[in-house]
Amino acid sequence: MQYLEGRRYVVLAIFTLVGLLFASRLFYLQVLDDSYKTAADRNTLQRQVQVPFRGLIYDRHDSLLVSNTPVYDLMVVPREVKRLDSAKFCQLMQMPLEDLRLGLRTAKAYSRVRPSPLIQNLSTPELASINDNLINFPGFRVQARMARAYRTQNLAHALGYVGSITPKLLESPKYAHYAPGENVGISGLESYYEPILMGRRGVQYRLVNVRGIDKGTFRGGEFDTLSQAGQDLHLSIDSDLQAYGEKLLAGRRGWIVALDPKTGEILCFVSAPHYEPQLLTGKGSGNRYMDLLRNPDRPLFDRPLMATFPPGSVFKLVNELVAMQLGVVTPATGFPCDQHLVHCTHRHEYPSNVNIAIKQSCNPYFYQVMRAAVVRGQSPNKFEDARLGLGQWQKMVKTFGLGEKLGVDMGHEKRGLIPSPEFYDKLRGYHHWNFKTVYSLSIGQGEIGITGLQMANVLATIANRGYYITPHFVRSIGASGQPLPQYRERHYTAVDTTLFKYLIPGMQEVVDGRGGTGSFASLAQYGISVAGKTGTVQNAHGEDHSTFAAFAPANDPKIAIAVFIENAGFGGTAAAPAAGLMMEKYLRGKVAPRRKRWEDWVMYGDFTKRRH
Amino acid sequence: MSPVTTRSSRSIDWPLLLLYLVLVGLGWVAVYAASYSPDAPPHPLTALSFSELMAFNWFKQLLWMGTAAVLIVILLVVDYKAYDTLAYVLYGGMIGLLLVTLVIARPIAGSRSWLEFGPVRLQPAEFAKFTTALAASRFMAGINLRNQNWRDQAVLAGLTLLPVALILASNETGQALVFAALLLAYFREGMSPIILLLLAAGGVILLLALLVPKVWLVSGFTVVLLGAFALNSRLWRHHLPLSLSAWVLVIGMVFGVDFFFNKVLQPHQRQRIEMLIDPGKDPLGKGWNVTQSKIALGSGGWFGKGFLNGTQTKFDFVPEQSTDFIFCTVGEEWGWAGCAVLIMLYLTLLWRILLVAERQKSVFGRTYGYCVASILFVHFTVNLGMTMGLMPVVGIPLPFFSYGGSSLWSFTILVFALVALDAHRKQDLLR
Ligand SMILES: [Zn+2]
């Protein structure tokens, strides 16, 4: 027996034990635990999504409004940054030193080995100036991406904008297939038609190394799919009319909506004040967005869809139609201008039929029209009678597309309010209200709200003598396509189509009759007959708002229009001439030079001096 | 040929030589796979010029292997007695070289341990293992460790710790750690097992103190101690002072770890340990090495992805993949089967070296053999342990596998000095 030979086996045992420990640990890592295999695929197998070319947007005359342009992001891989000369770098990139420091810190916090954006949205000329020098700054590289480019300065509210997808959107199942940092339509048509504009993504599985450098296809491209470009949108918007409308309201707050009544196509969609769509794209768009958001005139607010207001006198037309349908009045019905019931706007001839009542916009007349429609002795209890009458009235009014979203191809539409009996039960208590409580509805005031689009749509319905097609912006998906199916069907109201014609002579009188309230909208000098109705929207906080709604030509309507100008007083003063100019522009293709004084009046006139 | 060489070549330990050749050969294949780039021409040897080939690690490794072959011949031809007689001279020379390196070396990756001769870089610390092993074996031959001669023990400790201190000063913690291997050889020659046990216990307590809340650890240990007393009253009477001092020692260590961890360790060392405990904390930053190394290994499966088909290593996800993390390539491309074979090969090599050591007739030869086995074992353990995420990331090579001339040369010298000694063991007896 050699010296201490037993210890040989201790050493041997230690060696063997460690070997066994390693073999079993490896067995666990390599054979039992699958997670490392998926992690390995995640590492090297890059699912490269090929974002297709986003669809373009054209106006109704096929002129290009929105296209795509490449922009560039400067990316940084912190681990590869070596001996960075910050001062020189900042001078080249024209960025403050603090921004660079912050950017690098953020990038490091994300990852040392993967690229993060340092400067986004560099334009092509900006790129050219830095690209040659970039070689001196290891760890920085440029990555190209597509962004929206605008050929128009108008229509920002309808077009909406495109931006990087927000974390909140990413959570919704609708956007499940989007990756962080990808572009998405944030608002307006860009958002509503996102799936169509987006097209279909292509997916390529590529092998990449640790720096994301491409090392070839995976299994010969067996799992790859091709991308499919997005489809173009052809809008019903008339760009010239749109630009003209935005010019008219440039210094005001308000809106103009014009429809082609026969098709429901939106011809113009002005929300004032407006902003240029390119403000929300490219470098600095975030700051510009915040500026717009803070502007007290709220240029980002999409007024025709989101501002609801009591429609005022224009609503008298709807009440007259409902009353005729119920058989409680006829076109020949006369009511006295009884100032005890409700205050009338001015002194006028006796309203012996509906034509005079509309022309004079007589408040007491329409008070009595609606009272006849609501109070019909359906119950001996006058409270219950009012409940039953108002319930039937509400159901019929709603068939005009009021009190509900019309369903325009835009996401943020408001529904407005047409009050039900239950609404007043809640407000006043069951059987604690009667017609005297709700009478303001007869002249479009009180607990009622509609949107600009709804108002234009009411006019389109009257122009069509009884039906409407849901207003929409997109008349064709693709060059020779169709609008979405829901924009091809007629919606009839609860009022018989034969009754609508009785309103039209009165509405023509409003514009072209002696002393008509909307005479400033007249196009009689061109032989075009306009049917319209003025309105004044009471404003508790200041000067009343001015509205005017019309269609023309009266016998074969090609345009229905509604105009709303804030704090402009009586509807005939400001809104009527604006509507006249717009209809002239659309129907005649131009505005006659001698009408310049009306343009100046709409654009610069001081409406606070009442003149009617 | 002289009769001496004829005799010695006949008595060379062929199994050991064969194992060496197999491991170096497989190592080269792994280095080739790790430095393989799909973009390179299919026949680089004919397609590329010498200077272009020098850009490839596998080509340089081929040159290192050629020089290692020359080295082997020299080691076998040299008079075997020189290893014994020159042991202190070599040791002294190496201490001098380490000192010089510390003064003149340019820092490379934070360590002043490389000497540069034009394109060639050598790390003296790699060779210090060899000279220290020789000197320790020589010293061991003259003493008896069991005799509790404090003076001898102190000299041995100083002999071992002097190069360790110099290597630590050059910031090569990993290389210094390897010297702990010599303890196994000293143990074989009579060092008290208590020292080994204490070291092992200390390591376990250190790890526990980092992983488990202190209160649990202290109360757990107290409960165990009290339980032992309750079960066996004899313990209570005979070993109370010993038990109490052990208890105090453990408590001291538990609280000492905090101090050691936060005050003594440098930030990068602390990070390595933190990453060992929780690599998921910062997988794209400090935990990158451990995370990626485990992913590469773990994606290998039973039989691996096949030669040159490893995606993780080929696409540079694993850092240092042809040097310290070479085992990842093995794991990814050859799978668990390949790893098991490799571990088996290493164990066989270690067993064989022990066998060779035990048959030496001199204490010098036996101790040296144990030193060789232990040094290889510690390299193997630390390198594989770090690749699998069982140990902190300490940069030391896997013997014969990792790319690099210094390490290949130093392991070759270690092994073949033993082969040379073994070939002449019978003459040793005659002497
Ligand atoms: Zn009146």
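A quick note: this is a predicted structure, and the numbers were derived from the prediction, not measured.

**Observations regarding the overall build of chain B**
Piece 1. The helix and strand tally for chain B stands at 22 helices and two strands.
Piece 2. When the 431 residues of chain B are sorted by exposure, 51% land in the buried category.
Piece 3. Of the contacts formed within chain B by residues at least 6 apart in sequence, a portion of 70% connects residues at least 24 apart.
Piece 4. Accessible surface for chain B amounts to roughly 19,300 Å². Of this, 71% is attributable to carbon and sulfur atoms.

**Description of the sheet that holds strand β18 (residues 559-565) of chain A**
All names here are of chain A.
Piece 1. Spatial strand order, β12-β11-β18-β17-β16: five strands in an open sheet with antiparallel pairing. A strand with exactly one partner marks an edge of an open sheet, and here the two such strands are β12 (265-272) and β16 (531-537). When the angles between neighbouring strand axes are averaged without regard to direction, this sheet yields 5 degrees.
Piece 2. Looking at chain direction, strand β11 (residues 254-260) and β12 are connected through seven bridges and run antiparallel. When the bridges of β12 are listed, V257 appears paired with F269.
Piece 3. Against the sheet, helix α10 (residues 239-248) contacts β11 and β12, and its axis sits at roughly 25 degrees relative to β12.
Piece 4. Each of β11, β12, β17 (545-552) and β18 is contacted by helix α19 (residues 452-463), which is oriented at about 35 degrees to β11, the strand it contacts most.

**Observations regarding the coordination of the zinc ion**
Residue and element names in this part refer to chain A.
Piece 1. Here the zinc ion is held by the protein donor atoms C337 (SG), C344 (SG), H348 (NE2) and C362 (SG), which lie 1.9 to 2.4 Å from it.
Piece 2. Around the zinc ion, the four donor atoms are arranged such that angles at the metal cover 104 to 117 degrees; this shape is classified as tetrahedral.
Piece 3. For the zinc ion, the donor residues sit on a single chain with the sequence spacing C-x6-C-x3-H-x13-C.
Piece 4. By relative accessible area, which is 24% here, C337 ends up partly exposed.
Piece 5. Residue C344 is classed as buried on the basis of its relative accessible area, which comes to 2%.

**Some words on the packing of aromatic side chains**
Piece 1. Throughout the structure, instances matching the rule amount to 36 aromatic pairs over all chains.
Piece 2. Aromatic side chains A:Y424 and A:W433 sit 5.3 Å apart centroid to centroid with 45 degrees between the ring planes, which places their arrangement in the tilted category.
Piece 3. A residue is classified by how much of its surface remains accessible, and A:Y424, at 1% relative accessible area, is buried.
Piece 4. Residue classification places A:W433 among the buried positions, given a relative accessible area of 0%.
Piece 5. Through successive ring pairs, a cluster of aromatic residues spans A:F22, B:Y346, B:F380 and B:F401.
Piece 6. Sitting above the plane of the A:Y467 ring, A:R490 keeps its charged end 4.1 Å from the centroid.
Piece 7. A cation over a ring is seen here: A:K585 above A:Y244, with NZ or CZ 5.5 Å from the ring centre.

**Re the packing of helix α1 (residues 6-32) of chain A against helix α20 (residues 363-387) of chain B**
Piece 1. Closest axis-to-axis distance for the α1(A)/α20(B) pair is 11 Å, and the angle between their directions is 20 degrees. As the angle between them shows, α1(A) and α20(B) are arranged roughly parallel. Of the two possible hands of crossing, α1(A) and α20(B) adopt the one that is left-handed. Contacts between α1(A) and α20(B) involve A:R8, A:V11, A:I14, A:F15, A:V18 and A:F22 on the former and, on the latter, B:Y370, B:A373, B:S374, B:F377, B:F380, B:T381, B:L384 and B:G385.

**A short note on the nonpolar core**
As a rule of thumb, soluble globular proteins bury nonpolar side chains together.
Residue and element names in this part refer to chain A.
Piece 1. Counting 136 residues, the largest nonpolar core has L235, W393 and F473 as the members making the most contacts within it.
Piece 2. Here this core takes eight residues from α19, the largest share from any one element.
Piece 3. Of the residues that make up this core, three or more belong to each of domain 1 (48-235) and domain 2 (239-291 + 303-604).
Piece 4. Setting aside chain neighbours within four positions, we find W393 in contact with F315, N319, V322, M370, V374, I418, P419 and L441.

Reading guide: rules and limits
Residues numbered from 1 in each chain as written. Chains lettered and ligands numbered in written order. Predicted model: local features only at pLDDT ≥ 70, side-chain atom pairs only at ≥ 80, totals over all residues. Heavy atoms only, no water. Helix = DSSP H or I, 4+ residues; strand = E, 2+ residues; numbered from the N terminus. Buried < 20%, exposed > 50% of the residue type's maximum accessible area, 1.4 Å probe, protein only. Contact = heavy atoms within 4.5 Å. Areas by Shrake-Rupley, 256 points an atom, 1.4 Å probe, with all protein chains shown as cover. Pairing = 2+ DSSP bridges. Axes fitted to C-alpha atoms, helices over the stretch in contact; angles between N-to-C directions. Donors = N, O, S within 2.8 Å, 3.2 Å for Na, K, Ca; no water. Tetrahedral: all angles 85-135°; square planar, octahedral: opposite > 155°, others 65-115°. Phe/Tyr/Trp six-rings, centres within 6.5 Å; stacked < 30°, edge-to-face > 60°. Lys NZ or Arg CZ within 6 Å of the ring centre and 35° of its normal. Parallel < 35°, antiparallel > 145°, perpendicular 65-115°, else oblique. Left-handed = near helix turned anticlockwise from the far one by under 90°. Core = buried A, V, L, I, M, F, W, Y, C linked by side-chain atoms within 4.5 Å. Domains from an automatic or database assignment.

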